[in-house]
Amino acid sequence: MAVYNYDVVILGSGPAGEGAAMNAVKAGRKVAVVDSRPHVGGNSTHLGTIPSKALRHSVRQIMQYNNNPLFRQIGEPRWFSFPDVLKSAESVIAKQVTSRTGYYARNRIDLFFGTASFSDEQTVEVVSVNGMVEKLVANQFIIATGSRPYRPSDIDFSHPRIYDSDTILTLSHTPRRLIIYGAGVIGSEYASIFSGLGVLVDLIDNRDQLLSFLDDEISDALSYHLRNNNVLIRHREEYERVEGVDNGVILHLKSGKKIKADAFLWCNGRTGNTDKLALENIGLKVNSRGQVQVDEHYRTEVGNIYAAGDVIGWPSLASAAYDQGRSAAGSIVDNDSWRFVDDVPTGIYTIPEISSIGKNERELTEAKIPYEVGKAFFKSMARAQISAEPVGMLKILFHRETLAVLGVHCFGYQASEIVHIGQAIMNQPGEANTIKYFINTTFNYPTMAEAYRVAAFDGLNRLF
C-alpha cells in the first residue's frame, strides 16, 4: 500500500472541493484532491448544474426559433428529441473537465480517483476502480463530497421508466407525457426543459405555491408561464405509491387521484454523499439526510475535519459551494479569506429564469419594515424588445426613509446576470447603499441593466 503525506486532503472535486483546493495551495499548503469519478468536476459538472443549464440553453434556443415570426418566413417550427438536445450538454461537460483538470495541474495539486474512507482522524484510504489501495495522511481534511437525489425505499428506481434528477440524463427518448414529483428548484427547471420540448408535464407539488421562498409575485409569474407552456401544476398533493407498468408509470396520490404518463421523474430532496466515508471511524455523525453539521468556520465536531458544499445542506448551490470550500480552506490556512457564506443570490434556471437577493415583500411586511417598491417591466425595455424577450420584470424593494435597497427580485431574460448589480449596491456600507445610485448612474443603452434606472424612478415616484 502506497502512503502519501499532505497538509490538506480534500474529498470531492466539485465546486466546494475546487474552491478549497485552490485557496489552500495558494497559501503554500501541499494539497491532494480525491474524487470517486475518473474525472474532476463533481456532480455539479457531470450530473447537476452544467448539464441541466446546458440543456435549458438549447431548449430555450429551440423555443425562440419556434416562436419568432422572423424564422417563420424561413420554415416551419422544428422539434428536437431529448437525446439530441442532451448532446450539446455533453460537449460542455467535456470542456469543463478539460479546463478544471488544467487548474489542478497548473497548481501542482495531486489528484486521486477512487472511493475514499477514513481510517482515523488523519488518514483516508482510497480504493481505485482496479482495486489498488492508497493511503493519504494529512493534518486537515475537507469533506466536499456533494449530494445525490434522495430515493425513497418504496419507489422502484430500477424500473426503466422511473428516473431521478441524475438518471434522467440517460433518457434515450422523448416521452409524450412526463410526471415530475417535487416542484422545488430542480423539478421546476426540468418542467421548463421538457415542456419546451413539447412534452406534456404534470408537476406535483406538496405545498401551496411554487418555490414559496421566493417573492410571491415572482412565484405567481413562474406558475403562470409554466401553465402557459402546458405544464399542469397540482398543489398540495403527496404520493401514495408509484406503479411502474410496461407502457408507462401510474402515480397514485393520497388524495385518491391517479395519473399516468410515459415516464416519471423524482425531484424531491437530496442526500449527502457520506455513506461510504466510514465516518463512524472518526466519531462523526450525520443527520437523517446524510449531511454533515459544521460551525460558522465550516469545522465539524472533529477538530481537524471541515466540510463544505451540498454535503452540509443549505443553500445547496454551486455558487455558494465554491465560496464555502474557499472559506473552509481559509479557516485552515488563516489567510483572512474566511467568511461565513450567507449573502447568496438565488439563481433558478427555469424558462424564463429567476434570480433574487435580500428580503421579499412578505418578509418585510412581517418584520414591519416600511418599504416601497419600484418595478420595471421588460416588455417596455428596448433591449428586451430587440431580443424578442418581453416576459419579465425587475423589482427593487427599498426602505422608504433611508432609501437603502433591501431586496432585488428579477424574473425573465438574463435575470441571473441582472441581479448582481443590485447585490453590489446592497453590499455597500452605510449610506452608499441607496436606490439613488440607480438614477445617478449612467447605464449603457439599450441594455437589460437599464431596468434598474426605470425601477428606481418608479419606486421614488411612490414616495410622498
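Bear in mind that the values here come from a model prediction, so they are computed numbers and not experimental data.

Thresholds applied
- Residues numbered from 1 in each chain as written.
- Predicted model: local features only at pLDDT ≥ 70, side-chain atom pairs only at ≥ 80, totals over all residues.
- Heavy atoms only, no water.
- Core = buried A, V, L, I, M, F, W, Y, C linked by side-chain atoms within 4.5 Å.
- Buried < 20%, exposed > 50% of the residue type's maximum accessible area, 1.4 Å probe, protein only.
- Contact = heavy atoms within 4.5 Å.
- Helix = DSSP H or I, 4+ residues; strand = E, 2+ residues; numbered from the N terminus.
- Polar contact = N/O pair within 3.5 Å; in protein donor to acceptor, adjacent residues only side chain to side chain.
- Axes fitted to C-alpha atoms, helices over the stretch in contact; angles between N-to-C directions.
- Parallel < 35°, antiparallel > 145°, perpendicular 65-115°, else oblique.
- Left-handed = near helix turned anticlockwise from the far one by under 90°.
- Salt bridge = Lys/Arg side-chain N within 4 Å of Asp/Glu carboxyl O.
- UniProt positions renumbered as here; feature names shortened; annotations may be inferred.
- Pairing = 2+ DSSP bridges.
- Right-handed = clockwise from strand over helix to strand, strands pointing away.

Enquirer: Give a detailed account of the nonpolar core, specifying residues and quantitative values.
Expert: Val9, Ile10, Leu11, Phe118, Ile142 and Ile143 are the most contacted members of the largest nonpolar core, which has 50 residues in total. Apart from the residues within four sequence positions on either side, isoleucine 10 is in contact with Gly17, Ala20, Ala21, Val31, Ala32, Val33, Val34, Ile142 and Ala144. Leu169, Tyr190, Ala191 and Phe194 belong to the second-largest nonpolar core, a separate cluster that totals 40 residues.

Enquirer: Any chance you could break down the side chain of serine 416 for me, citing the residues and the numbers?
Expert: The residue serine 416 is located in helix H11 (residues 415–426) in this model. Take serine 416: its relative accessible area is 10%, and that puts it in the buried class. Only 2.5 Å separates the side chain of serine 416 from the side chain of glutamate 353, close enough to count as a polar contact. Setting aside its immediate chain neighbours within four residues, serine 416 contacts Tyr349, Glu353 and Ser355.

Enquirer: Before we move on, could you go through the packing of helix H3 (residues 49–67) against helix H5 (residues 82–106) and cite the residues and values that matter?
Expert: Contact pair H3 / H5: the axes reach a minimum separation of 8 Å and the direction vectors enclose 130°. Judged by the angle between their axes, H3 and H5 are oblique. Note on packing geometry: the crossing formed by H3 with H5 is right-handed. Contact residues: H3 offers Ile50, Pro51, Ala54, Leu55, Ser58, Val59 and Ile62, while H5 offers Phe82, Val85, Leu86, Ser88, Ala89, Val92, Ile93 and Gln96.

Enquirer: Describe the pattern of salt bridges, listing the residues and the values that go with them.
Expert: In this structure the tally under the stated criterion is 22 salt bridges. Here glutamate 217 makes a salt bridge to lysine 395, at a shortest N to O gap of 2.6 Å. Taken as a pair, glutamate 217 in helix H7 (residues 216–228) and lysine 395 in strand E21 (residues 392–399) lie far apart in primary sequence, 178 residues in all. When its relative accessible area of 28% is taken as the criterion, glutamate 217 is described as partly exposed. With a shortest N-O distance of 2.4 Å, glutamate 450 and arginine 453 are connected by a salt bridge. Judged by relative accessible area, arginine 453 falls into the partly exposed class, the value being 28%. Salt bridges sharing common partners tie together Asp215, Glu217, Glu361, Lys375 and Lys395.

Enquirer: Quick one: what's the story with the UniProt feature "binding site: NAD(+)" (unreviewed entry) in the protein chain, residue by residue and with numbers?
Expert: When the UniProt feature table is mapped onto this chain numbering, "binding site: NAD(+)" (unreviewed entry) sits at Gly182, Ala183, Gly184, Val185, Ile186, Gly187, Ser188, Glu189 and Gly269. Maximum C-alpha separation among the annotated residues is 14.4 Å over a sequence range of 88 residues, consistent with a single clustered spot. The residue alanine 183 is located in the loop between strand E9 (177–181) and helix H6 (185–196) in this model. Dropping the residues within four chain positions of it, alanine 183 is found in contact with Ser188, Leu203, Ile204, Asp205, Leu210 and Leu211. You can see valine 185 is positioned in helix H6. For valine 185, a relative accessible area of 28% corresponds to the partly exposed category. If near-sequence neighbours (up to four positions away) are discounted, valine 185 is found in contact with Leu211, Phe213 and Ile348.

Enquirer: Which residues make up the pairing of strand E10 (residues 200–204), and what values go with them?
Expert: Summarising burial for E10: 4 of the 5 residues are buried, a large majority. Where E9 and E10 come together, 5 bridges link them in parallel fashion. Looking across to E10, one finds that isoleucine 180 is bridged to leucine 203. Once you follow E9 into H6 and on to E10, the crossover reads as right-handed. Pairing analysis gives 4 bridges linking E10 to strand E11 (residues 231–234), with the strands arranged parallel. From the neighbouring strand, aspartate 202 faces E11, where its bridge partner is leucine 232. Each parallel crossover has a hand, and the one from E10 via H7 to E11 is right-handed.

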